[in-house]
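Next come the chains, spelled out residue by residue.
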Amino acid sequence: MSFQVDVYQNEYLPAGAREVNAIVTVTATGLTTSPTAAAEVIIIDCSGSMEYPRAKLVAAKQATCAAIDALRDGVAFAVVAGTDTASTVYPSAGLVAASQRTRREAKAAVQRLKAGGGTAIGSWLSLASTLFRGHEDALRHAILLTDGRNEHEKPAHLERVLAECEGRFVCDCRGVGTDWEVAELRKVSTALLGTVDIVADPAGLEADFQAMTADAMGKAVADVRLRLWTPQGAKVKFVKQVAPSMVDLTGKRADTGPRHGDYPTGSWGSESRDYHVCVEVNPASVGDVMLAGRVSLLVGDEVLGQGMVKAVWTDDEALSTRISKEVAHYTGQAELAGVIQEGMRARRDGDLDRATAKLGRAVKLAAESGNGDTAALLAKVVDVVDPVTGTVRLKAKVTEADAMTLDTRSTKTSRVRRG
Amino acid sequence: MATCPEGHDSPTDDFCDVCGRQIGAVSTVAVVEKPCPVCGDPVVGRFCEGCGHDSTVSVTTWTAVVVADRAHFDSVSSDDEELVFPSEQRERVIPLVDGEVHIGRRSAGVAPDIDLTGDPGVSHRHAVLRPGPTGGWTLTDPGSTNGTTVNDDPDAIAVDVPLPLRDGDRIHVGAWTTITIRAGEHA
């Protein structure tokens with residue numbers, strides 16, 4: 001397989017300028033059809049609150065069974081029950097290869113689960129990490145379902161566990177109901193390069209788990225790294241995944257040499273993602289061409305794709321003032337995610353003027369960039385008077401589910417418009 | 001091992017692995033822009049700033065190539081006329097984008113899209129190219145004085161009846177003008 005790397009930028013800079021921006025589109029091509037070794041751990045919240053309403057635990061069991069059914073034969077898997085501790089539901093130790101028999105036994109064990117106890121997400125992830133030991137060569141994926149806040153362990157403990165688990169496995173997180181904390185689950189999914197979403201109605205869990213497992217089974221290569229080389233004296237301002245969702249990778253850099261470092265991108269199937277790279281370089285003279293960044297995609301030590309980010313200094317203002325459409329689009333999407341989160345925080349804190357201003361700006365950005373999904377979610381929280389100017393009024397009555405859905409999905413971006 | 005303009009040794013031979021300067025070249029690289037196949041605006045990135053066309057998607061673009069055509073001139077002119085075939089031949093390529101493309105001679109300061117001023121056999125409003133219903137283009141003669149012929153057919157096309165055009169069709173108007181229609185796939 002290989003990665004096609006396309007770079008979109010305006011490489012022309014006015015004399016003396018330092019900042020170079022580029023959107024790097026990475027598309028995985030030529031994936032092998034032979035199934036890759038995979039390991040899956042499904043973590044379900046079995047805290048006491050899962051019984052209120054009872055439909056939550058029933059739906060979680062059904063969803064877990066659907067996920068088990070979606071596993072390919074031979075995939076190593078386990079089911080973990082999470083409370084204020086973590087315990088294996090099936091098998092009794094380690095992971096087991098999926099077969100007709102093990103799937104049936106696992107589903108029977110899941111059906112016997114009872115709710116009771118607290119919520120300590122860090123201990124659940126610790127157990128998952130232990131279970132993945134010995135499967136380092138496989139695609140490692142976990143699903144984490146919770147309905148509440150991480151109340152039964154110190155935040156510092158969760159932080160420590162996340163640091164340990166980073167790079168060990170990819171984890172998609174789901175919050176069921178509206179009693180969980182968006183920021184908390186986002187922290188987990190961001191650290192573990194997965195997605196986070198709300199399943200407000202437990203009835204939606206089954207389809208969601210099935211889709212998540214199918215997606216995990218569709219991945220063909222694990223632990224893909226994005227290597228960024230920058231010239232001497234340059235500073236990497238940020239590296240963000242900007243599509244399909246906004247994930248800041250800047251802090252995840254691991255230096256691999258004097259002028260390059262690696263950013264983890266997790267597992268890949270047949271898919272395409274966009275990254276925004278921003279580098280500050282020492283300006284050269286007008287007319288000079290400089291390589292401001294070399295972006296490589298690596299699996300192990302093998303380079304499977306490469307793209308170049310350039311800088312050319314010019315006196316021609318017609319060239320240097322041109323704004324790359326791709327860079328402008330994703331700069332707007334990053335701002336959109338930020339103003340939604342700030343606006344929703346202000347709204348919770350009772351700062352209604354600030355909330356109105358931020359969410360108004362969000363409505364304007366969503367309309368301008370054609371992000372219809374986000375615009376629809378915003379319309380459930382504010383009355384839109386004029387999307388062009390961003391004039392909005394906060395709705396008097398907003399369901400908790402709508403507010404949390406907007407917050408959770410704020411990082412979902414629209415892809416740059418194709419002509 | 002390559003050496004860059006700054007004197008660094010570099011294992012990469014395109015740009016210096018130390019400072020990023022281009023190896024071997026001191027000169028400025030030419031502007032990497034090409035015309036958009038749809039609207040003709042200069043495009044630098046993937047998307048056209050003018051019309052939003054995605055350069056990775058292939059499209060069929062239509063163009064009209066206008067020439068003074070000796071063969072056409074010989075076939076329509078007779079000896080008693082004092083017409084002189086223009087010595088200065090300049091081929092013009094006109095991209096067909098959308099809307100109506102008028103063919104004719106300039107009148108009262110209004111220039112048609114395909115301006116054939118100079119060819120005395122062309123009417124002010126001689127013919128019109130319009131996008132067809134299925135994506136191609138059509139030719140309509142609204143009633144020009146000398147008529148319009150297509151390809152090798154000596155008879156003029158019917159007035160006010162749109163004629164669907166194909167790649168390579170030659171439209172003959174006036175005393176010497178031939179407009180060749182080109183349809184091509186472009187990325």
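Because the structure is predicted, anything quoted here is derived from the model rather than measured.

Before going further, it helps to spend a moment on the overall build of chain A. The helix and strand tally for chain A stands at eleven helices and 20 strands. Here the C-alpha radius of gyration of chain A, 23 Å, is about what a compact globule of 419 residues would show, namely 22 Å. Considered along the principal axes of its C-alpha atoms, chain A spans approximately 75 × 55 × 40 Å. Counting the 419 residues in chain A, one finds 53% classified as buried. Long-range contacts, defined here as pairs at least 24 residues apart, represent 74% of the contacts in chain A between residues at least 6 apart. Only carbon and sulfur atoms are counted for the fraction: they give 50% of the accessible area of chain A, which is about 17,200 Å². Chain A carries 50 positive and 53 negative side-chain charges, and their two centres are separated by 2 Å.

Time to look at unusual backbone geometry. In this structure, the amide linkage connecting Tyr90 of chain A to the following residue, Pro91 of chain A, adopts the cis form with an omega of -15°. The topology assignment puts Pro91 of chain A in the loop between strand E6 (86–90) and strand E7 (96–97). Phi is positive for Asn151 of chain B, close to 55°, though the residue is something other than glycine. The exposure class assigned to Asn151 of chain B is partly exposed, which follows from its relative accessible area of 23%. Unlike most non-glycine residues, Asp160 of chain B shows phi in positive territory, near 65°.

Enumeration according to the criterion identifies 34 salt bridges over all chains in this entry. Two residues, Arg106 of chain B and Asp115 of chain B, come together in a salt bridge whose shortest N-O distance is 2.9 Å.

To continue, consider the environment of Thr331 of chain A. Residue and element names in this part refer to chain A. Along the chain, Thr331 turns up in helix H8 (residues 325–348). In the structure, Thr331 is positioned 89 residues away from Val242 in sequence and 8.9 Å away in space, judged by C-alpha atoms. A polar side-chain atom of Thr331 sits 2.6 Å from the main-chain carbonyl oxygen of Val327.

Next up on the list: the side chain of Ser414 of chain A. By the element assignment, Ser414 of chain A lies in the segment after helix H11 (400–408). When residues no more than four places from it in sequence are discounted, the contact partners of Ser414 of chain A are His329, Tyr330, Gln333, Ser369, Gly370 and Asn371 of chain A.

Our next topic: the packing of aromatic side chains. Residue and element names in this part refer to chain A. Taken as a whole, this structure holds six aromatic pairs over all chains when the rule is applied. On the basis of an interplanar angle of 35° and a centroid distance of 5.0 Å, the ring pair of Phe132 and Phe169 is categorised as tilted. With Phe132 in the loop between helix H3 (121–131) and strand E8 (139–146) and Phe169 in the loop between helix H4 (155–165) and strand E9 (170–176), this residue pair connects regions lying 37 residues apart in the sequence. Of the two residues, Phe132 and Phe169, neither departs from the other in class, the shared state being buried.

Looking now at the confidence of the model for chain B. Of the residues in chain B, 86% reach a pLDDT of 70 or more, and the chain-wide mean stands at 81. Across chain B, the secondary-structure element scoring lowest on mean pLDDT is strand E3 (residues 34–35) of chain B, at 72, and the one scoring highest is strand E13 (residues 170–173) of chain B, at 93.

Residue and element names in this part refer to chain B. Pairing within the open sheet is mixed, and its five strands lie in the order E8-E7-E9-E10-E12. Looking at the sheet topology across the chains shown, the edges are occupied by strand E8 (114–115) and strand E12 (163–164). Relative to strand E9 (residues 127–131), strand E7 (residues 101–104) runs antiparallel, the two being bridged by three bridges. Looking at E9, one finds that His102 is bridged to Val128.

Attention now moves to the sheet that holds strand E16 (residues 272–280) of chain A. Residue and element names in this part refer to chain A. The strand order across the open sheet formed by five strands is E1-E3-E16-E12-E13, and the pairing between neighbours is antiparallel. Of all strands in the sheet, those bounded by a partner on one side alone are strand E1 (2–8) and strand E13 (247–248). Relative to E13, strand E12 (residues 235–243) runs antiparallel, the two sharing two bridges. Within the sheet, the bridge partner assigned to Lys240 lies in E13 and is Asp248. Lying on the sheet, H8 is in contact with E1, strand E3 (19–29), E12 and E16; it crosses E3 at an angle near 90°.

Attention now goes to the environment of Ala311 of chain A. Residue and element names in this part refer to chain A. In this structure, Ala311 sits in strand E18 (residues 302–314). Each C-alpha atom of the pair Ala311 and Asn10 lies 8.3 Å from the other, and the pair is 301 residues apart in sequence. Here Ala311 is in contact with Glu11, Leu13, Val20, Asp288, Val289, Met290 and Ala292, once residues within four sequence places are set aside.

Further remarks concern the state of the cysteines. All names here are of chain A. Within the structure shown, the criterion is met by zero disulfides over all chains. In this structure Cys46 is not part of a disulfide, and its nearest cysteine sulfur, from Cys65, lies 12 Å away. Looking at Cys46, the relative accessible area reads 2%, which means it is buried.

Procedures and definitions
Residues numbered from 1 in each chain as written. Chains lettered and ligands numbered in written order. Predicted model: local features only at pLDDT ≥ 70, side-chain atom pairs only at ≥ 80, totals over all residues. Heavy atoms only, no water. Helix = DSSP H or I, 4+ residues; strand = E, 2+ residues; numbered from the N terminus. Rg over C-alpha atoms; globule rule 2.2 N^0.38 Å. Buried < 20%, exposed > 50% of the residue type's maximum accessible area, 1.4 Å probe, protein only. Contact = heavy atoms within 4.5 Å. Areas by Shrake-Rupley, 256 points an atom, 1.4 Å probe, with all protein chains shown as cover. Lys, Arg positive; Asp, Glu negative; His and termini not counted. Charge placed at Lys NZ, Arg CZ, Asp CG, Glu CD. Salt bridge = Lys/Arg side-chain N within 4 Å of Asp/Glu carboxyl O. Polar contact = N/O pair within 3.5 Å; in protein donor to acceptor, adjacent residues only side chain to side chain. Phe/Tyr/Trp six-rings, centres within 6.5 Å; stacked < 30°, edge-to-face > 60°. pLDDT = per-residue confidence, 0-100. Pairing = 2+ DSSP bridges. Axes fitted to C-alpha atoms, helices over the stretch in contact; angles between N-to-C directions. Disulfide = S-S within 2.5 Å.

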